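Now for the letters of each chain:
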Amino acid sequence: MRTETVVVGVLGGVLGWSSFAQGQWVSFSDETDGRLTLSSLIDAPGSDPFDDDEEKDIAAADFNRDGWLDAVVVRKRVFSNPGARQDILLMNENGVLVDRTAKFAPGFRQTLTDARAVITEDMDGDGWRDVVIANTFDQQPLYYRNLGNDESGEWLGLVNESAARFPTITVLNLTGPRFCAVAAGDVNGDGSNDLFFSNYNNNPNSLATTDVLLINDGSGNFTDESDSRLGNLARVAFGTDSAVVDMDGDGDNDIVKISTEFTISPFPIGTYILWNDGAGNFATFDPIPGSTMDYMIAVDDFNGDDTMDVYITGDFQDSVHLSTHHGPNDVSWQSFAPSPSLRTTNFGGNTKAADIDNDGDPDIGLAPVDVDVANCNSGPNLGEFALLRNDGTGRFSDPFGADQNIQLRPHDFVFADVNNDNCLDVFMGLCTGWRVFVQQNCPVYSAADFNLDGTANTFDAASWFDCFTGPGNGPPMDGCHRADFDRDNDIDFADFGSMQPLLTDAP
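Residues numbered from 1 in each chain as written. Predicted model: local features only at pLDDT ≥ 70, side-chain atom pairs only at ≥ 80, totals over all residues. Heavy atoms only, no water.

Visitor: Sorry, what's going on with the overall build of the protein chain here?
Guide: From N to C terminus, the protein chain includes eight helices and 31 strands. Considering only residue pairs separated by 6 or more positions, the protein chain has 56% of its internal contacts joining residues 24 or more positions apart. Accessible surface for the protein chain amounts to roughly 19300 Å². Of this, 49% is attributable to carbon and sulfur atoms. (Helix = DSSP H or I, 4+ residues; strand = E, 2+ residues; numbered from the N terminus. Contact = heavy atoms within 4.5 Å. Areas by Shrake-Rupley, 256 points an atom, 1.4 Å probe, with all protein chains shown as cover.)

Here it is as structure tokens:
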């Protein structure tokens, strides 16, 4: 009864206030000159590294655990051309990304790569983020172990231990790997990260090849168990992206993979979930309905219902697939296209999800430059970086329109808080050169800040009431999905009981 009295009293005092404050969305300042320091590249002696025009893929992690996010960039000759290049380690020194490759990753200069993807995860269980590089054109993948600190607390850098930790990988119908992507996750339930590599065969005879699953022994040593654990589901035509994630909520990680370009048994063109039997074996699969000519994916909880959804970047039309029901090895989907935008209806590339505006739901970034289509010089709006806003229900729109400074042409990018202000910035590797865009106006919201004005107070109760009484328990606007505190997919008085202490404690 006391809670109901509080609810009525608060709502009665603020119902006259409007609900959601609609202000300017995020904006960025180009601070490349002051936030990026590059050294000469051994594959391009005498050239300006800021004019680098090679293909780039980027990942971020706090490698030396000093509280600042660092970055690793892998490079190769542009598009579908073999030509190994030097990779780069950028250490974040008080908000400046400084090239420390020679000091902390000399292996990057000794072993050049035909790299198509890079991830950073703790692979050996020592608490330090390692680096795994997926290479193409017959080059084996690479494992760089993070050495951690010495006895005096000084970071020792990254060392190439690929030969000792990875087996020599063979694949169907190819003389060596042509990896396009790599994903990490524990598939056999032992608590350590295993690795799934997406492979491809662009042979004109349309011959299948095989993806690769490496199993971690817990200390960062891997064995190739693709045949025994994947069987026929290892087959792939052109594998461009993948994820290792629990898609059905049963506690074990499944595999999401793309097979495109042509049909091979058992996969027509599309995106598929390989179901984990609980022990790390995959014998059954399902397509994500309505997905065709897919190229890249981002997997996250886009509508706040604690289930995994999928954003698919397609060759002609992107699509969003929200999980509406799941049980063991079974997911139902609601599928639709994002709001129309030239940046979501043409060729796309690397796709990443992150909460760029700190409102509690993941937004989407799209790098436009396809690794096999030379679209660095396509027409206006085509081949431009897209930053898509999530309205909280998994509906995405492109709010920027034309002539925004971030609408450039990167091969890849990473969302990372470069200057440690708790707001995500964007580091890009362009068709030619680099950019560091620092976010200018990102709000830091309280959990009860439903009107997204930057403060949790009694005015938020009016916004909560609009969510409570609106069509379908709330209009599809930023903030409403945050009101479902008990995660029962219904906004009701039980949620307000959980919100009340946050409003009471708010300044």
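Now, onward.
Visitor: Even after reading the chapter, I still don't get the side chain of Gln86, so can you show me in this structure?
Guide: On the secondary structure map, Gln86 appears in the loop between β4 (70–76) and β5 (88–93). Here Gln86 falls in the buried class, since its relative accessible area comes to 0%. Here Ile42 takes part through its backbone nitrogen, which lies 3.0 Å from a polar atom of the side chain of Gln86. In contact with Gln86, other than residues within four places in its own chain, are Ser40, Leu41, Ile42, Asp43, Arg75, Thr101, Phe108, Arg109 and Leu112. (Buried < 20%, exposed > 50% of the residue type's maximum accessible area, 1.4 Å probe, protein only. Polar contact = N/O pair within 3.5 Å; in protein donor to acceptor, adjacent residues only side chain to side chain.)

Visitor: What's the story with the environment of Leu342 in this structure? I'm lost.
Guide: Assignment of secondary structure puts Leu342 in the loop between β24 (330–336) and β25 (351–354). With a relative accessible area of 44%, Leu342 lands in the partly exposed category. Sequence-wise, Leu342 and Asp398 are 56 residues apart; in three dimensions their C-alpha atoms are separated by 9.2 Å.

Visitor: Could you clarify how one ought to interpret the sheet that holds strand β31 (residues 434–439) in this entry?
Guide: Paired through their backbone hydrogen bonds, the strands of a sheet run either parallel or antiparallel. Strand order in the open sheet made by the four strands is β1-β31-β30-β29, with antiparallel pairing throughout. Since the sheet does not close on itself, it has two edges, and those belong to β1 (28–30) and β29 (410–416), each with one partner. Put simply, the sheet's adjacent strands are angled 25 degrees from each other on average, direction ignored. Taken together, the six bridges between β29 and strand β30 (residues 425–430) define a ladder with antiparallel strand orientation. Bridge pairing links Asp412 to Gly429 in β30. (Pairing = 2+ DSSP bridges. Axes fitted to C-alpha atoms, helices over the stretch in contact; angles between N-to-C directions.)

Visitor: Honestly, the packing of aromatic side chains in this entry has me stumped. Any pointers?
Guide: The way to describe two aromatic rings as a pair is by their centre distance and the angle between their planes. Counted under the stated rule, the structure contains 16 aromatic pairs. Both rings, one in Tyr311 and one in Phe396, keep their centres 5.6 Å apart while their planes meet at 85 degrees; by these two values the pair is edge-to-face. Of this pair, Tyr311 sits in strand β22 (residues 309–314) while Phe396 sits in strand β28 (residues 396–397); the two residues are 85 residues apart in sequence, bridging distant segments of the chain. Taking the relative accessible area as the measure of exposure, Phe396 reaches 1% and is therefore buried. Site record: aromatic cluster; members linked through ring pairs are Tyr143, Phe166 and Phe222. Sitting over the ring of Phe336, Arg395 keeps its end group 4.5 Å from the ring centre. (Phe/Tyr/Trp six-rings, centres within 6.5 Å; stacked < 30°, edge-to-face > 60°. Lys NZ or Arg CZ within 6 Å of the ring centre and 35° of its normal.)

Visitor: What's the story with the pattern of salt bridges in this structure? I'm lost.
Guide: Pairing of side chains with opposite charge becomes possible as their charged atoms draw close. With the rule as written, the count across this model stands at 14 salt bridges. A salt bridge links Asp43 to Arg75, with the shortest nitrogen-to-oxygen separation between them at 2.8 Å. Linking Asp43 in the loop between β2 (36–37) and β3 (55–61) with Arg75 in strand β4, this pair joins segments that are 32 residues apart in sequence. Exposure remark for Asp43: the relative accessible area of 22% places this residue in the partly exposed category. Assessed through its relative accessible area of 0%, Arg75 is described here as buried. Between Asp211 and Lys257 there is a salt bridge, with the nearest N and O atoms lying 2.8 Å from each other. (Salt bridge = Lys/Arg side-chain N within 4 Å of Asp/Glu carboxyl O.)

Visitor: Would you explain the sheet that holds strand β14 (residues 212–216) in this entry?
Guide: Within the open sheet, the four strands sit side by side as β11-β12-β14-β15. Their pairing is antiparallel. The outermost strands of the open sheet, each flanked by one partner alone, are β11 (179–185) and β15 (222–224). The average undirected angle you get between the axes of adjacent strands in this sheet is 20 degrees. Across six bridges, β11 lies against strand β12 (residues 194–199) in antiparallel orientation.

Visitor: How do you make sense of the nonpolar core when you look at a structure like this?
Guide: General note: in soluble globular proteins, nonpolar side chains tend to be found buried as a group. Phe63, Leu89, Phe108, Ile133, Trp155 and Leu158 are the most contacted members of the largest nonpolar core, which totals 19 residues. Put simply, the parts of the chain that give this core at least two residues each are β3, β4, β5, β7 (115–121), β8 (130–135) and β9 (142–146). Setting aside its immediate chain neighbours within four residues, Leu89 contacts Phe63, Ala71, Val98, Asp99, Arg100, Thr101, Phe104, Ala105, Phe108, Trp155 and Leu158. (Core = buried A, V, L, I, M, F, W, Y, C linked by side-chain atoms within 4.5 Å.)

Visitor: How should unusual backbone geometry be read in this particular structure?
Guide: Among all residues save glycine, negative phi is the norm, and among peptide bonds the norm is trans. Geometrically, the link from Ser265 to Pro266 is a cis peptide bond, its omega value of 5 degrees lying close to zero. With respect to the element layout, Pro266 can be found in the loop between β18 (254–259) and β19 (270–276). In this structure, Asn94 is a non-glycine residue whose phi angle is positive, near 55 degrees. Residue placement: Asn94 occurs in the loop between β5 and β6 (96–99). What makes Asn94 exposed here is its relative accessible area of 64%.

Visitor: I would appreciate a short explanation of the state of the cysteines in the present structure.
Guide: Two cysteines joined by a covalent bond between their sulfur atoms form a disulfide. The final tally for this structure, using the stated rule, is one disulfide. Between the sulfur atoms of Cys376 and its disulfide mate Cys431 the distance is 1.9 Å. Looking along the S-S bond of the Cys376-Cys431 disulfide, the torsion reads about -85 degrees, which is the left-handed sense. Placement of Cys376 in the loop between β26 (363–366) and β27 (386–390) and of Cys431 in the loop between β30 and β31 is noted, with a sequence separation of 55 residues between them. (Disulfide = S-S within 2.5 Å.)

Visitor: Hey, could you run me through the environment of Leu112 in this one?
Guide: Summarising the element assignment, Leu112 is placed in the loop between α4 (107–110) and β7. Spatially, the C-alpha atom of Leu112 lies 8.6 Å from that of Asp43, the residues being 69 residues apart in sequence. Those residues in contact with Leu112 that lie beyond four places of it in its chain are Ile42, Ala84, Arg85, Gln86 and Gln139.

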